[in-house]
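Each chain is listed here by its residues.
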Amino acid sequence: MKPFNFDSYEGRQTFYQSKEWRTIREFMLSKQPLCIKCHIEGKIEPATEIDHIIPLRRKPELCLDTENLMPLCKSHHSQKTFEEAVRFNKIFKPAKLLWN
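Calculation notes
Residues numbered from 1 in each chain as written. Predicted model: local features only at pLDDT ≥ 70, side-chain atom pairs only at ≥ 80, totals over all residues. Heavy atoms only, no water. Helix = DSSP H or I, 4+ residues; strand = E, 2+ residues; numbered from the N terminus. Buried < 20%, exposed > 50% of the residue type's maximum accessible area, 1.4 Å probe, protein only. Areas by Shrake-Rupley, 256 points an atom, 1.4 Å probe, with all protein chains shown as cover. Expected span 1.5 Å × (residues − 1). Contact = heavy atoms within 4.5 Å. Salt bridge = Lys/Arg side-chain N within 4 Å of Asp/Glu carboxyl O.

Caption draft 1: Highlighting the overall build of the chain. The number of helices and strands found in the chain is four helices and two strands. What you see in the chain, going N to C, is helices and strands ordered as α-α-α-β-β-α. In the chain, which comprises 100 residues, the proportion classed as buried is 32%. Of the roughly 7,400 Å² of accessible surface on the chain, a fraction of 57% belongs to carbon and sulfur atoms.

Right under this line is the structure:
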């Protein structure tokens with residue numbers, strides 16, 4: 001596998017378009033087609049995303065390790081991504097206020 005630059009948005013997008021990622025993603029979704037977080041909450045929801053439990057920028061060597069991947073629905077994946085951004089001081093810029 002060629003090395004990917006997970007520090008840049010472009011590098012991560014190149015990884016997510018790679019044959020290696022698409023193959024492991026499809027494998028994971030076929031193995032576990034339901035969102036793990038929804039299951040914990042007692043709900044049944046299809047998984048549409050494969051999440052890196054330990055983020056790519058923290059442990060790039062685990063990028064294709066199935067032990068570091070979990071299936072999530074879009075909602076849970078977005079929630080986890082936001083929480084990680086806040087935790088790791090990658091806070092999103094606030095939208096311009098429409099009032100004042």
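Back to the write-up after that little detour.
Caption draft 2: Just the environment of Glu 61, in detail. Positionally, Glu 61 belongs in the loop between strand E1 (49–52) and strand E2 (69–72). On the accessibility criterion, Glu 61 (55% relative accessible area) is exposed.

Caption draft 3: Local environment of helix H4 (residues 74–87). End to end, H4 covers 20 Å across 14 residues, agreeing with the expected 20 Å (1.5 Å per residue, within 8%). Looking only at H4, the buried set comprises His 76, His 77, Lys 80, Glu 84 and Ala 85. On its buried face, H4 sits against helix H3 (36–40), E1 and E2.

Caption draft 4: Main features of the pattern of salt bridges. Following the criterion strictly, the structure yields five salt bridges and no others. As a salt-bridge pair, Arg 25 and Glu 26 come within 3.1 Å of each other at their nearest N and O atoms. Note that Asp 51 is salt-bridged to Lys 80, the shortest N-O span being 2.7 Å. Highlighted residues: Asp 51 in strand E1 and Lys 80 in helix H4, separated in sequence by 29 residues. Residue Asp 51 is classed as buried on the basis of its relative accessible area, which comes to 4%.

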